[in-house]
Amino acid sequence: MIHAFSPMALDGESYADVVGLAHRSPSWLDDAVTAWSAYGLALFAVLMTIGWWRARRAGAGAALTALAVPVAVLAAFGVDSGLKTLVRESRPCRSLRVSTLEACPAPGDWSFPSNHAAIAAAAAVALCFVSRRLGAVAAVAAGAMAVSRVWIGVHYPHDVLAGVVLGALVAFVSMTVLRRWPGGLARRLSATRLRPLLVS
């Protein structure tokens, strides 16, 4: 376990301020943020599907790049999960004993860095390699996801910030590497049963 900092001393006060604001906010807003936090990652899957579908029209190479997006996201999730297990930071809702919008995750479900934030940021960065427009939509959604995780009380602000940075970095490196497929790979794959995945 790594104890490089005290989470509560780092931004526990900011966390408490956000959670307090959530309790003072209208119930419809809290319900919307809670729903987004729980189900919002599905939007990124939809955006990846749209990006792939459109890329098929641009050729096998573009489609192969689009198919690399979920690979980059999985890589970010893997690195994030590994770091989470290494650091083993307790959830703020457990350490600070505050009332939160969502039930506090069980002990052993570590807080740093945020998986949701990492996945969302990774998807946004990876999608930029496919479509700047889709990447921009995903970036806004990723920001909303990061904020929502603090709002419902399951993460400190530094958890989501680290998740965003980690996810974005891993996705950028992954996509930079993956988009350098050998030139003939897309053509070879498009001559196989995988052709429907690569060309329309």
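Described below are features of the structure shown in this document. Just so we're clear, the structure is a prediction, and the values are computed from it rather than from any experiment.

## Considerations on the nonpolar core
Thinking step 1. Core analysis: the largest hydrophobic core is formed by 26 residues, its most contacted members being F44, V69, V73, A126, L127, A138 and M175.
Thinking step 2. Those elements giving two or more residues to this core turn out to be helix 3 (41–58), helix 4 (60–87), helix 6 (115–128), helix 7 (132–151) and helix 8 (157–178).
Thinking step 3. With eight residues, helix 6 is the single largest residue contributor to this core.
Thinking step 4. Apart from the residues within four sequence positions on either side, A138 is in contact with F44, L47, A124 and L127.

## Observations concerning the packing of aromatic side chains
Thinking step 1. This model, assessed by the stated rule, comprises three aromatic pairs.
Thinking step 2. Arranged with centres 5.7 Å apart and planes meeting at 70°, the rings of W52 and W53 form a pair that is edge-to-face.
Thinking step 3. Judged by its relative accessible area of 17%, W52 is buried.
Thinking step 4. Given a relative accessible area of 46%, W53 falls into the partly exposed group.
Thinking step 5. Centroid distance F129 to F172: 5.9 Å. Interplanar angle 55°. Geometry classified as tilted. Residue F129 is located in the loop between helix 6 and helix 7, and its partner F172 is located in helix 8; the two are separated by 43 residues in the primary sequence.

## A look at helix 7
Thinking step 1. In a regular helix each residue adds 1.5 Å, so 20 residues correspond to 28 Å; helix 7 covers 28 Å between its end C-alpha atoms and thus fits that length.
Thinking step 2. Listed in full, the buried residues belonging to helix 7 are L134, G135, A138, A141, A142, M145, A146, S148, R149, V150 and W151.
Thinking step 3. Looking one or two residues beyond helix 7, the residue adopting positive phi is G153, at roughly 95°.

## Examining the state of the cysteines
Thinking step 1. Enumeration over the complete set of coordinates arrives at one disulfide.
Thinking step 2. What pairs with C93 in a disulfide is C104, and their sulfur atoms sit 2.2 Å apart. When the S-S torsion is 75°, as for the bridge of C93 with C104, the disulfide is right-handed. Residue C93 is found in helix 5 (residues 92–95), and its partner C104 is found in the loop between helix 5 and helix 6; the two are separated by eleven residues along the sequence.
Thinking step 3. We classify C93 as buried; its relative accessible area is 7%.

Definitions and limits used
- The numbering scheme is per chain: residues are counted from 1 as the chain's sequence reads.
- Since the coordinates come from a predicted model, pLDDT governs what is reported: local features require at least 70, and pairs of side-chain atoms require 80 or more to be given and counted, while whole-chain, interface and lining totals use all residues.
- The side-chain figures draw on all heavy atoms in the structure; neither hydrogens nor water molecules are used.
- We call a set of buried residues a nonpolar core when its members are Ala, Val, Leu, Ile, Met, Phe, Trp, Tyr or Cys and they connect through side-chain atoms within 4.5 Å of each other.
- Using a 1.4 Å probe on the protein chains alone, a residue whose accessible area is under 20% of its type maximum counts as buried, one over 50% counts as exposed, and one in between counts as partly exposed.
- In DSSP terms, a helix is any run of H or I states spanning at least four residues, a strand is any run of E spanning at least two, and both are numbered starting from the N terminus.
- Every residue pair with non-hydrogen atoms within 4.5 Å of one another is taken to be in contact.
- Side-chain rings of Phe, Tyr and Trp, where Trp is taken by its six-membered ring, are said to pair if the distance between their centres is within 6.5 Å; with planes under 30 degrees apart they count as stacked, over 60 as edge-to-face, and otherwise as tilted.
- Each helix should span, by expectation, one fewer than its residue count multiplied by 1.5 Å.
- Disulfides are defined in this document as cysteine sulfur pairs within 2.5 Å.

As far as function goes, none of this settles anything; it's purely spatial.
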